[in-house]
Amino acid sequence: MKKSKNKISRRDVLKGAVNAGLAAALLPLSGFSNAEQQRSTLIVAENKKQGTTDWQLTYVKSEELRSKEIEGYCSKMSLRAGESIDIFLSASSQTDVNIDFYRMGYYGGKGGRFMQKLGPFSVQPQVVPPIAEHRLRECNWNKSTSFKIPEDWISGVYVGKLSCTAHRYESYIIFIVRDDRKADLMFQTSDTTWQAYNKWPDTRHSLYTSDPPLQPHSARTWSSFNRPFSKYPQVVDQPLSQGSGEFLLWEYPLCYWLEKEGYDVTYCSNIDTHTDANGLDRVKCFLSIGHDEYWTLQMFDNVKNAVARGLNAAFLSGNSLMWVIDLKPEVKIHSAKLNKDAGLAKDGGDQKRVESDANENPYRTIFRIGRFGGVSKVEEALGIMGPFERNDWPNENTLIGARTMYPFNGSADWIVSKPEHWIFEGTGMKMGDKIPGLVGWEHHGDPADIPGLEVVAEGETINTTNAKSQYAATVYPGGKGNWVFNAATIYWSFGLSQPPGIIVPYSHFGRSHGVDERVQKITTNFLNRCGIKTASKK
């Protein structure tokens, strides 16, 4: 059997030490190959490169959440280095547009690294698509350019800052560069949730709107990735969300902190979790961050099965895995009109028929098909959910450790309930100690009946109507020496770092105090227990 060229045995090392007369050669006895050592320091090396704060938008003009002055979208949410992406741009009048690409990370506290400029491209106004069946707004724009991702671009979240000669206004496009290497951590962006809340081209076309009768949580409305991301519509007035989904709201602080600390992290989108089950086996720990609400059943199964095989997981998030969605390709829009009796008529006339086209770009259309754990009696009584053809979906708490429960939103302190747990080692926290305002604006409660599950923090949330709910942060063993942590709040990442441009939300009359050493230590303790350390401590 041919030996690996990369593996170094103890005998080889000792032989090399004798021949070279170097005592230092005795140091690398850990069994790491050169490739493994390079992998573990990849993020450290990347973040030593020149950073800049110029990735931020300076002048943003939103009209009904849309940046009609300059806007765009990409043909894919994620791709590998060496693959190509199509970019579609529109402006309010004919102009020349430039795209400045940045990789998001730490970079000496600057938060981003300039990668490349594209353009100028001549861009004209492109047509706003009609409202089709299921209230779908799918753009059929002319392609402005195609771009092949350079081979030396490592995995990460990349924004393209759009600017033009006609005016000073800017917006973003966003995508993820993924890879197939082994890594300690898998940072999953919540892009299906970004799209669910995307209201483009006005304030009436997210998954939370419907044709009459109004049902904000129904299966009747579809949403397309073939359109720009509008400014995020709730909780925080953040100009940097213009075109960037929710990444720069609650996900970026974790990215910034992980790369600052030198963790070996790789990145993927929700859609990668859906399509690449085996990809989860190349990392030690999977991370769900911020507001990760919309998953397919296949995503749930892929992660749950990976946990059963020994994957660690941290849900540094709230309201995660509430809705089951389907992912379809781009659609064909037919000129034939619906019968008004179908109940899908809009103001001004009937809607155009649509159907998914298997020959088109896959995974570009989403819609709800159910609620994880099924619609509860309380939720059913509200009359705002469904109807769904199926209600027997697996409970999300069997993976997360807890679940979204009504009322879904509110604010609260994060209160320690099990201070002797290893996750609090070195924090100095005692029973009843609080991290002010860390729970918000949505959370997890109703802990699962999983052997070994422990509730490490719990308390009561209160929302703007004074309605109360319960949250519970949990830890449970996965059965193969692995662990699953549920922080039970969207705001967890604000306790880790506050990068340039980040705005801490004030919602339900509460707010996080920002960076907290206890949140950092709790997160470090969990990663240490998963066998994950920073490059400097390996």
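Cut-off values and rules
Residues numbered from 1 in each chain as written. Predicted model: local features only at pLDDT ≥ 70, side-chain atom pairs only at ≥ 80, totals over all residues. Heavy atoms only, no water. Helix = DSSP H or I, 4+ residues; strand = E, 2+ residues; numbered from the N terminus. Rg over C-alpha atoms; globule rule 2.2 N^0.38 Å. Buried < 20%, exposed > 50% of the residue type's maximum accessible area, 1.4 Å probe, protein only. Contact = heavy atoms within 4.5 Å. Areas by Shrake-Rupley, 256 points an atom, 1.4 Å probe, with all protein chains shown as cover. Lys, Arg positive; Asp, Glu negative; His and termini not counted. Charge placed at Lys NZ, Arg CZ, Asp CG, Glu CD. Pairing = 2+ DSSP bridges. Salt bridge = Lys/Arg side-chain N within 4 Å of Asp/Glu carboxyl O. Axes fitted to C-alpha atoms, helices over the stretch in contact; angles between N-to-C directions. pLDDT = per-residue confidence, 0-100. Patch = residues over 30% accessible without salt bridge, like charges linked within 9 Å, V, L, I, M, F, W, Y side chains within 5 Å. 1 Å grid on protein atoms, 1.4 Å probe; cavity = no way out; pocket = protein on both sides within 12 Å on 5 of 7 lines; lining within 4 Å. Points joined across faces, edges and corners; volume = space filled by probe spheres on them. Nonpolar A, V, L, I, M, F, W, Y, C, P; charged D, E, K, R; others polar.

> Run through the overall build of the chain, naming residues and quoting values.
Across its full length, the chain holds ten helices and 23 strands. For a compact globule of 538 residues, the expected C-alpha radius of gyration is about 24 Å, and the chain comes in at 24 Å, within 12% of that figure. When the backbone C-alpha atoms are referred to their principal axes, the chain occupies close to 85 × 55 × 45 Å. For the chain, the residues scored as buried account for 58% of the 538 residues in total. For the chain, the proportion of contacts with a sequence separation of at least 24, taken over those separated by at least 6, is 75%. Surface summary for the chain: the accessible area is close to 21,600 Å², and the carbon and sulfur share equals 48%. Placing the 63 positive and 60 negative side-chain charges of the chain at their respective mean positions leaves the two points 5 Å apart.

> So what's going on with the sheet that holds strand β15 (residues 323-328)? Residues and values would help.
Taking strand neighbours across the sheet as the criterion, the four strands line up as β10-β18-β15-β13 in an open arrangement whose pairing is mixed. What marks the edges here is a single partner per strand, and that holds for β10 (223-224) and β13 (294-295). In terms of strand pairing, β13 meets β15 through two bridges, oriented parallel. Bridge pairing in β15 links Tyr294 to Trp323.

> Which residues make up the pattern of salt bridges, and what values go with them?
According to the stated counting rule, one finds 35 salt bridges in the structure shown. For Lys231, the salt bridge is made with Asp237, and the minimal N-O distance between the two is 2.5 Å. Exposure remark for Asp237: the relative accessible area of 55% places this residue in the exposed category. A salt bridge links Arg371 to Glu396, with the nearest nitrogen and oxygen atoms 3.0 Å apart. One end of the pair, Arg371, is in strand β18 (residues 365-371); the other, Glu396, is in the loop between α8 (377-382) and α9 (397-400), with 25 residues separating them in the sequence. The structure contains a network of salt bridges with shared partners spanning Arg80, Glu83, Arg178, Asp180, Asp272 and Asp276.

> How would you sum up the environment of Gly410? Please name residues and give values.
You can see Gly410 is positioned in the loop between α9 and β19 (412-415). For Gly410, a relative accessible area of 1% gives the class buried. With 56 residues separating them along the chain, Gly410 and Asn466 place their C-alpha atoms 8.8 Å apart. Ignoring sequence-local partners within four residues, the contact set of Gly410 consists of Val439, Gly440, Trp441, Thr461, Ile462, Asn463 and His508.

> Any details on the sheet that holds strand β8 (residues 171-178)? Residues and values, ideally.
The sheet built from five strands is open, its strands ordered β2-β8-β7-β4-β5 with mixed pairing. Each edge of the open sheet is held by one strand with a lone partner, namely β2 (78-80) and β5 (112-123). For this sheet, the mean angle separating the axes of adjacent strands, direction not counted, is 30 degrees. Bridge count for strand β4 (residues 95-104) against strand β7 (residues 156-164) is seven bridges, and the pairing is antiparallel. The partner of Phe101 across the bridge, within β7, is Gly160. Strands β4, β5, β7 and β8 of the sheet are contacted by helix α5 (residues 247-261), whose axis makes an angle of about 45 degrees with β4.

> Give me the lowdown on the confidence of the model for the chain, citing residues and values where you can.
Of the residues in the chain, 90% reach a pLDDT of 70 or more, and the chain-wide mean stands at 91. Ranking the elements of the chain by mean pLDDT puts helix α1 (residues 10-20) last, at 41, and strand β23 (residues 483-486) first, at 99. Scored below 50 in pLDDT, residues 1-31 makes 19 contacts in the model with residues more than four places away or belonging to other chains.

> Quick one: what's the story with a nonpolar patch on the surface, residue by residue and with numbers?
Taken together, Val378, Leu382 and Tyr406 make up a surface patch of nonpolar side chains, about 250 Å² in accessible area. As for its position among the elements, Leu382 is in helix α8.

> I'd like to hear about the layout of surface pockets, residue by residue, with values.
The gaps left among the atoms become clear once a water-sized probe is rolled over them. Within this model, the largest pocket holds a volume of roughly 520 Å³. Every residue lining the largest pocket is counted, 27 residues in all, and those nearest its centre are Tyr73, Cys139, Asn140, Trp141 and Asn142. Those elements that provide at least two residues to the lining of the largest pocket are β3 (84-91), β5 and β16 (331-337). Per-element accounting of the lining of the largest pocket gives the leading share, three residues, to β3. Looking at the lining of the largest pocket residue by residue, the class counts come to twelve nonpolar, nine polar and six charged. In this model, the second largest pocket occupies a volume close to 340 Å³. In this structure, the second largest pocket is lined by 21 residues; those nearest its centre are Tyr208, His217, Gln234, Asn409 and Glu442. Tallied by class, the residues present in the lining of the second largest pocket amount to twelve nonpolar, six polar and three charged.

> Would you mind going over the pairing of strand β6 (residues 145-148) in detail, with residue names and values included?
The two faces of a sheet get side chains in turn, since along a regular strand they alternate between them. What you see with β6 is a clean split: Thr145 and Phe147 sit on the buried side and Ser146 and Lys148 on the side with no burial. Across four bridges, the pairing between β3 and β6 is antiparallel. If you follow Ile85 over to β6, its bridge partner there is Phe147.

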